[in-house]
Amino acid sequence: MMWRMHRRSRTICLSLALVSVFLHLLLSFVSLSFNQQPCNPLLPARTHILRDLARTHSTSVGISSPGVPDSSRSGAGEDAEVPTGRPGGKNLSASVAGGAAELLKSGLSKLEALFQHPLYNIPGPPIAEDDWLLRVQPKAKASERSSQMWSVASRDGYEDIQWTSSTNTHPPWLRFHLGISRWQLYPHQDPNMGLLTQQLATHRIVSAVQKSGGTQLKLVMSFPNYGQALFKPKKQARDEETNYNLYYFSDFERHNAEIAAFHLDRILGYRRVPPVVGRQVDVVKEIKDVTTDRKLARTFFTSPVGNVCFYGQCTYYCSTEHAVCGQPRTLEASLAVMLPDLSLAARRSWRSPWRRSYSRSKLAKWQTDPHYCSTIKKTPPYDKGTRLVDLMDLVVLDFLMSNMDRHHYETFEKFGNNTSLLHLDNGRAFGRHSKDEPTILVPLEQCCRIRRSTWLRLRLLSLPRYRLSDVMRASLSQDPLHSVAPLLLEPHLAALDRRLKAVLQAVSRCQQEQSEKGGDEVIYDDIAFWKHEFTPAGVSSHTSEIL
């Protein structure tokens, strides 16, 4: 029995030895095969991840900035020297920075050329006295002047008034008010604009109170020279899109949307959005310490991570869960210059004919009746004058920036129905870049009516030398907040070009349909006098391309 067990043990040991020899031979063979193949040095794990993320980002977005080198196209991506944790290294960073700077420089040149184009410098008749919103009154008596001086000089934190009838003595905000006319809030190439925006961005804030009304938090900021601005805080990161599950009336108001709307309105040649500037505000020093609004003051608190926050009082998003917070005290915001007080220049609010139902289950009449505009065209004030094409201008602006929240618009009462619209309250624009909202363009498609000057400028902005995204990028780069981060990401700028093409296609379809049916003219010729004065060849070769 013992002999058999000894023999079995020796057999098992021999088998294990043979298996071990076989495994060693196999391992040697595999090692030799690997050694015969050249290999690149292995990159750290984090470098691989970052490189993959960079590739995924560039391919998923599908947008490549001109002037920025692409390593995947040049073939240098795999063999390039890559420091640990920094894909592309200093060379790639320098190339990207250089490409972005070159792109911005090119855009600034396009913006300058755009504003010098004849379509932005159309000569018009002198502005009549009744076409100015406000005028300087005749000189007051000496006793009245001294009383006014004493009354104003007694207010803490404010400057003494030393204004005369000369505009040189007026602060920029007052010059802006006195420059408002029937058809625009400020003139093209306004020399006062630089001073006005600079003061909005840098002037000391002496008072901050909550603005009554509205659905979200807004403040009125006052400056030492008696100017005022409407303050809208940062509520959403620039790279964050609006949630698809939210209804348009539940969306946040974005500070960068207000800023971008001002720039886009100016690029389109409307000049109907009050000037807006981005600014970084000290939540404690420039709001909490200077407010006289007790209800606002009671809403300040310090977050668990030490950031100073407040939430105010409003219909939506005014709670501790939706508080506005500094980092730890610095907060981004938009500041829009206030229009003249209603006691001086009353405004009328008009319900938009294409107002949405603001219901989760009901559609508005215009969404179910394709001939809805036929009724509107017969209804005052859209039955005569320029009100209908004024509204179409606003429709184009809203579609380009994807603003669905245009339930009302305003005009100055002094001018009656014969005036342009005020393009106010644009905070819910630029919420999504990945999706266009075709229903915003329905008024244009139903009415088939647009100004010739608007149509020509849109066609001009579709040309490569004046591309809308390029001039918009350049214009926004002049805002103070651009030094923190671009106010609109590249996908938003690309969306502008895409939507501009959709607007021009809608106008072309209208022209074709009206030509076949023999209907009304699509183009409202508001610059006939200019076309007769200047031939296309005499104006410029660029203008003749679109006339």
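Structural data are supplied above this passage.
Reading the values: the criteria
- Residues numbered from 1 in each chain as written.
- Predicted model: local features only at pLDDT ≥ 70, side-chain atom pairs only at ≥ 80, totals over all residues.
- Heavy atoms only, no water.
- Pairing = 2+ DSSP bridges.
- Helix = DSSP H or I, 4+ residues; strand = E, 2+ residues; numbered from the N terminus.
- Axes fitted to C-alpha atoms, helices over the stretch in contact; angles between N-to-C directions.
- Contact = heavy atoms within 4.5 Å.
- Nonpolar A, V, L, I, M, F, W, Y, C, P; charged D, E, K, R; others polar.
- Core = buried A, V, L, I, M, F, W, Y, C linked by side-chain atoms within 4.5 Å.
- Buried < 20%, exposed > 50% of the residue type's maximum accessible area, 1.4 Å probe, protein only.
- Phe/Tyr/Trp six-rings, centres within 6.5 Å; stacked < 30°, edge-to-face > 60°.
- Lys NZ or Arg CZ within 6 Å of the ring centre and 35° of its normal.
- Salt bridge = Lys/Arg side-chain N within 4 Å of Asp/Glu carboxyl O.
- Disulfide = S-S within 2.5 Å.

**Some remarks on the sheet that holds strand E7 (residues 324-325)**
- Read across the sheet, 3 strands follow the order E5-E6-E7 without closing on themselves; strand pairing throughout is antiparallel. The strands lining the two open edges of the sheet, one partner per strand, are strand E5 (301-302) and E7.
- Pairing of E5 with strand E6 (residues 308-310), which is carried by 2 bridges, proceeds in the antiparallel orientation. Looking at the pairing, Thr-302 lines up with Val-308 of E6.

**Some points on the packing of helix H12 (residues 387-400) against helix H16 (residues 490-517)**
- It is the contact of H12 with H16, at a shortest axis distance of 9 Å, that shows an interaxial angle of 145°. Contact residues: H12 offers Val-396, Phe-399 and Leu-400, while H16 offers Leu-496, Arg-499, Leu-500, Ala-502 and Val-503.
- When its residues are assigned to classes, the contact of H12 with H16 shows 7 nonpolar, no polar and 1 charged.

**Describing the sheet that holds strand E4 (residues 276-282)**
- Taking strand neighbours across the sheet as the criterion, the 5 strands line up as E1-E2-E3-E8-E4 in an open arrangement whose pairing is antiparallel. With one partner strand each, in any of the chains shown, strand E1 (207-210) and E4 form the two edges of the open sheet. Averaged over all pairs of adjacent strands, the angle between strand axes in this sheet comes to 35°, irrespective of strand direction.
- Seen against the sheet, helix H7 (residues 193-202) touches strand E3 (228-233), E4 and strand E8 (330-337) and runs at an angle of roughly 20° to E4.

**Some words on the nonpolar core**
- Counting residues in hydrophobic clusters, the biggest one holds 121 residues, and the most contacted among them are Leu-264, Ile-287, Phe-310, Trp-354, Phe-430 and Met-472.
- Residues within four places of Phe-430 in sequence aside, it is in contact with Arg-254, Ala-257, Ala-260, Ala-261, Leu-264, Met-401, Ser-402, Met-472, Leu-488, His-492 and Leu-496.

**Here we look at the packing of aromatic side chains**
- Within the structure shown, the criterion is met by 10 aromatic pairs.
- Taking the centre distance of 5.9 Å and the plane angle of 70° together, the rings of Phe-115 and Tyr-120 count as edge-to-face. This pair shows no difference in class: Phe-115 is buried, exactly as Tyr-120 is.
- Ring geometry for Phe-300 against Phe-310: centres 4.9 Å apart, planes inclined by 20°, an arrangement best described as stacked. In this pair, Phe-300 is assigned in the loop between helix H10 (294-297) and E5 and Phe-310 in strand E6, connecting sequence segments 10 residues apart. Across the pair, exposure class does not vary: Phe-300 and Phe-310 are buried alike.
- Above the plane of the ring of Trp-350 lies Arg-387, whose end atom (NZ or CZ) is 4.5 Å from the centre.
- Directly above the aromatic system of Trp-455 lies the positively charged group of Arg-459, at a separation of 4.6 Å from the ring centroid.

**Topic: the pattern of salt bridges**
- Counted according to the given criterion, the structure contains 24 salt bridges.
- Asp-282 is the salt-bridge partner of Arg-329, the closest N and O atoms lying 3.1 Å from each other. Highlighted residues: Arg-329 in the loop between E7 and E8 and Asp-282 in strand E4, separated in sequence by 47 residues.
- Assessed through its relative accessible area of 36%, Arg-329 is described here as partly exposed.
- In this structure, Asp-525 engages Arg-452 in a salt bridge whose closest nitrogen and oxygen atoms are separated by 3.2 Å. On the criterion of sequence distance, the pair formed by Asp-525 in the loop between strand E12 (523-524) and helix H17 (528-533) and Arg-452 in helix H14 (residues 452-461) is long-range, its members being 73 residues apart.
- Here Asp-525 falls in the partly exposed class, since its relative accessible area comes to 32%.
- The network of salt bridges with common partners includes Lys-110, Arg-467, Asp-470, Arg-473 and Glu-490.

**Overview of the state of the cysteines**
- Per the stated rule, a full pass over the model turns up 4 disulfides.
- Residue Cys-309 pairs covalently with Cys-325 via a disulfide, S to S 2.1 Å. Around the S-S axis, the bridge from Cys-309 to Cys-325 shows a dihedral of about 110° and counts as right-handed. A residue pair is termed long-range when its members are at least 10 positions apart, and Cys-309 in strand E6 and Cys-325 in strand E7 qualify at 16 residues.

**With respect to the environment of Ala-494**
- In this fold, Ala-494 is placed in helix H16.
- Of the residues examined, Ala-494 reaches a relative accessible area of 29% and is grouped as partly exposed.
- Measuring from C-alpha to C-alpha, the distance between Ala-494 and Ser-434 comes to 9.7 Å, with 60 residues separating the pair along the chain.

**A short note on the environment of Phe-529**
- Note that Phe-529 resides in helix H17.
- In the structure, Phe-529 is positioned 407 residues away from Ile-122 in sequence and 9.9 Å away in space, judged by C-alpha atoms.

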